[in-house]
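# Understanding the architecture of this molecule
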Amino acid sequence: MGRDSTNPAPSFSEQHHMVTMVTRWPKIEADGHVISQDGDFVIDGYGDVVFLTAVEIVLYCSSVNAPRMALNVFDHDEYRPPVWKSYLYQLQQEAPHPRRLTCTCEVDNRPKYYGREYHGMVSREEADQLLSVAEGSYLIRESQRQPGTYTLALRFGNQTKNFRLYHDGKHFVGEKRFESIHDLVTDGLITLYIETKAAEYIAKMTINPIYEHIGYTTLNKEPTLKKHLPVCQEVPDGPAPQGERVDEEKGLTSLVRRATLKDNDHATKYEKVHNFKVHTFRGPHWCEYCANFMWGLIAQGVKCADCGLNVHKQCSKMVPNDCKPDLKHVKKVYSCDLTTLVKAHNSKRPMVVDMCIQEIESRGVQSEGLYRISGFSDLIEDVKLAFDRDGEKADISVNVYEDINIITGALKLYFRDLPIPLITYDAYPRFMEAAKITDPDKRLEAHHEALKLLPPAHCETLCYLMAHLKRVTQNDKDNLMNAENLGIVFGPTLMRAPDLDAMTALNDIRYQRQVVETLIKNEDILF
């Protein structure tokens, strides 16, 4: 849902039409409803979470003690908000609670990381008899079949289930790792209960997702949003000043903010996959793809490290490649995926490429040995830190860095630091094949076909760079840098062999040079 919460799970026993939040963010009251400061979601009296989108509300609070707000929303007939489904949340609430069955006698050789739930070497039959007292009861025993290994015996569904138990600083029986046995058992009981009660429901979760209503697809319908964007006006305690408007931009939710951002007129629409990573959500969270509750204590789902989208692990495979990185998640310029960076800044190319090339062409294109001569490494690192810290506000002017080789060094470092090279691993083999073709026309055609394999943001950046390098070669009488020399410099910088042995990678260097040389010389034809 986009907000971590440390509050306990909300009660669903509220009276009809009452609204309860599942967030610890500051709240205000509006029209009899309690709404979060960010206006993300509410829970109604039936226990269903209602998502508030840009089409319904734009909410701004100037401080934690925000004044009462007057909200103008528009016709609900045009759009009905999706409802977050509470069935799996209710099942989690119903799941059996863990009951530790303690051993009343001293047990020799008890591992230091187990407590009184450890019963030593007992048989499956003895464990089954001990655990028959209540659902959710558990104990740990040493295996009789394999001494030195340990088993978690757990009562569920009127049966005793046995799991091989491991410890490597944390306790685990599968992928998830827990600080305590109690947490492991709690999470296990929740998972067993939900997957037993709702197996068919879970299997169909990805059918008819609500992602098209709350995801980027709907939120990017900018003409509609601009036409209907509601006005949020502050209502002070005294008479309201005429014509006073609240700065709406600050009050937009994260999803709404992205929806209302104006696209750069020159920005290309780049496709980007989500960068999902397993995530532990504090407090109740719902999947932003299927609208179902994300159950469990830890690692309930995955979160996109670039845009913050939260979904079930199984739902992540269904989410379209429409990641729109948020600058609060993209915290650096160097060593950041190129497509991620340009989408986060809503630009055609990385700003470091544009700014460095503009600076080089304004004062250094005739400098002897341009790109071949290295600048002072400490100052190149300073430029890198300036871009990471200040982004497009970084000052790389002659007043700060008089030596143009510092700027060329920073540009080359940017390309070397890319996690996926400018000429990507996927396209690398095709470029190598193209470089080995002897017929000039066929070689040029092969390069043209190889360029089609590059992601749009990579291709756009490569085009801009090659046009710049061609202008550098037009001053080769002064800078002594022709296309061949620049190919030697930029070949290994723009291309890296994907998992090749050292000898093969060494042999590829001359072909890398030839690829860059061909791209520079034929920049006007290939791009």
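Residues numbered from 1 in each chain as written. Predicted model: local features only at pLDDT ≥ 70, side-chain atom pairs only at ≥ 80, totals over all residues. Heavy atoms only, no water.

### Re the environment of Ala344
Within the secondary structure layout, Ala344 lies in helix H11 (residues 338–344). Considered as a pair, Ala344 and Lys324 are 20 residues apart in the sequence and their alpha carbons are 6.6 Å apart. Filtering out sequence-adjacent residues up to four positions away, Ala344 remains in contact with Pro325, Leu327 and Val330. (Helix = DSSP H or I, 4+ residues; strand = E, 2+ residues; numbered from the N terminus. Contact = heavy atoms within 4.5 Å.)

### A few points about helix H14 (residues 404–417)
With 14 residues, H14 extends 20 Å between its outermost C-alpha atoms, agreeing within 8% with the 20 Å of an ideal straight helix rising 1.5 Å per residue. If you follow the buried residues of H14, they end up packed against H11, helix H12 (351–363), helix H13 (377–390), helix H17 (456–473) and helix H19 (483–494). The distance from a side-chain oxygen at the start of H14 to the backbone nitrogen of Asn405 is 3.0 Å, and the residue carrying that oxygen is Asp403. (Expected span 1.5 Å × (residues − 1). Polar contact = N/O pair within 3.5 Å; in protein donor to acceptor, adjacent residues only side chain to side chain.)

### Some thoughts on the sheet that holds strand S14 (residues 301–304)
Pairing in this open sheet of three strands is antiparallel, and the strands run S13-S14-S15 from one edge to the other. The open sheet terminates on both sides in strands that have one partner only, identified here as strand S13 (276–279) and strand S15 (310–311). Strand direction decides the pairing type here: S14 and S15, joined by two bridges, are antiparallel. Pairing of Val302 across the sheet is with Val311, part of S15. (Pairing = 2+ DSSP bridges.)

### Structural notes on the packing of H14 against H19
Two numbers describe how H14 lies on H19: the axes approach to 8 Å, and their chain directions differ by 35°. Seen from H14, the contacting residues are Lys412, Phe415 and Arg416; seen from H19, they are Val489, Phe490, Thr493 and Leu494. Looking at the contact of H14 with H19 residue by residue, the classes come out as four nonpolar, one polar and two charged. (Axes fitted to C-alpha atoms, helices over the stretch in contact; angles between N-to-C directions. Nonpolar A, V, L, I, M, F, W, Y, C, P; charged D, E, K, R; others polar.)

### Things to note about the environment of Val330
Mapped onto the secondary structure, Val330 falls in the loop between helix H10 (313–316) and H11. Taking the C-alpha atoms as reference, Val330 lies 7.3 Å from Leu341; in sequence the two are eleven residues apart. Val330 has contacts with Asp306, Pro325, Cys336, Thr340, Leu341 and Ala344, leaving out every residue within four places of it along the chain.

### Describing the side chain of His312
Here His312 lies in the loop between S15 and H10. Looking at His312, its side chain comes within polar contact range of the main-chain oxygen of Phe293, at 2.9 Å. Ignoring any residue separated from it by four or fewer positions in sequence, one finds His312 in contact with Met205, Cys287, Cys290, Asn292, Phe293, Met294, Trp295, Gln300, Gly301 and Val302.

### Comments concerning a nonpolar patch on the surface
Judged by side-chain polarity, Met503, Leu506 and Ile509 come together as a nonpolar surface patch covering roughly 300 Å² of accessible area. Mapped onto the secondary structure, Ile509 falls in helix H20 (residues 502–521). (Patch = residues over 30% accessible without salt bridge, like charges linked within 9 Å, V, L, I, M, F, W, Y side chains within 5 Å. Areas by Shrake-Rupley, 256 points an atom, 1.4 Å probe, with all protein chains shown as cover. Salt bridge = Lys/Arg side-chain N within 4 Å of Asp/Glu carboxyl O.)

### Structural notes on the confidence of the model for the chain
On average, residues of the chain score 78 in pLDDT, and 73% of them reach the 70 mark or higher. When the criterion is pLDDT under 50, residues 215–267 qualifies, and its contacts beyond four places in sequence or with other chains add up to 94 contacts. (pLDDT = per-residue confidence, 0-100.)

### Here we look at the pairing of S14
It is a general feature of regular strands that their side chains alternate between the two faces of the sheet. Across four bridges, S13 lies against S14 in antiparallel orientation. Note on S14: the bridge partner recorded for His279 is Gly301. If you look at the hairpin formed by S14 and S15, you'll find five residues sitting between the two strands, and Gly308 has a positive phi there, around 85°.

### Structural notes on H19
Those residues of H19 that sit buried are Ala483, Leu486, Gly487, Val489, Phe490, Gly491, Thr493 and Leu494. Buried residues belonging to H19 abut H14, H17 and H20. Put simply, Asn482 is the residue that caps the front of H19, since its side-chain oxygen is 3.2 Å from the backbone nitrogen of Glu484. (Buried < 20%, exposed > 50% of the residue type's maximum accessible area, 1.4 Å probe, protein only.)

### Quick notes on the nonpolar core
Ranked by size, the top nonpolar core spans 65 residues in total, and within it Tyr371, Phe387, Tyr414, Leu465 and Leu494 carry the most contacts. The greatest single-element share of this core, amounting to eight residues, is contributed by H14. If near-sequence neighbours (up to four positions away) are discounted, Tyr371 is found in contact with Ile360, Thr408, Leu411, Lys412, His468, Leu469, Val472, Leu486, Val489 and Phe490. Listed in part, the 44 residues of the second largest apolar core include Trp84, Leu184, Tyr211 and Val319. (Core = buried A, V, L, I, M, F, W, Y, C linked by side-chain atoms within 4.5 Å.)

### Some points on the packing of H17 against H19
Here H17 crosses H19 at 150°, and the two axes come no closer than 10 Å. The orientation of H17 relative to H19 falls into the category roughly antiparallel. Here H17 and H19 pass one another in a crossing that is right-handed. Residues Leu462, Leu465, Met466, Leu469, Val472 and Thr473 of H17 pack against Ala483, Leu486, Phe490 and Leu494 of H19. Counted by class, the contact of H17 with H19 contains nine nonpolar, one polar and no charged residues. (Parallel < 35°, antiparallel > 145°, perpendicular 65-115°, else oblique. Left-handed = near helix turned anticlockwise from the far one by under 90°.)

### Quick notes on the sheet that holds strand S11 (residues 171–172)
Strand order in this open sheet of five strands is S7-S8-S9-S10-S11, and the pairing throughout is mixed. This sheet does not close on itself; its edge strands, each paired only once, are strand S7 (99–100) and S11. Relative to strand S10 (residues 159–167), strand S9 (residues 150–156) runs antiparallel, the two sharing seven bridges. Along S10, the bridge assignment pairs Leu154 with Lys161.

### Observations concerning the packing of aromatic side chains
Considering all chains together, one arrives at 13 aromatic pairs under this definition. Ring centres 5.0 Å apart and planes at 85° place the aromatic pair Tyr89 and Phe293 in the edge-to-face group. One end of the pair, Tyr89, is in helix H1 (residues 87–94); the other, Phe293, is in the loop between S13 and S14, and 204 residues separate them in sequence. This pair shows no difference in class: Tyr89 is buried, exactly as Phe293 is. Aromatic side chains Tyr414 and Phe415 sit 5.5 Å apart centroid to centroid with 65° between the ring planes, which places their arrangement in the edge-to-face category. (Phe/Tyr/Trp six-rings, centres within 6.5 Å; stacked < 30°, edge-to-face > 60°.)

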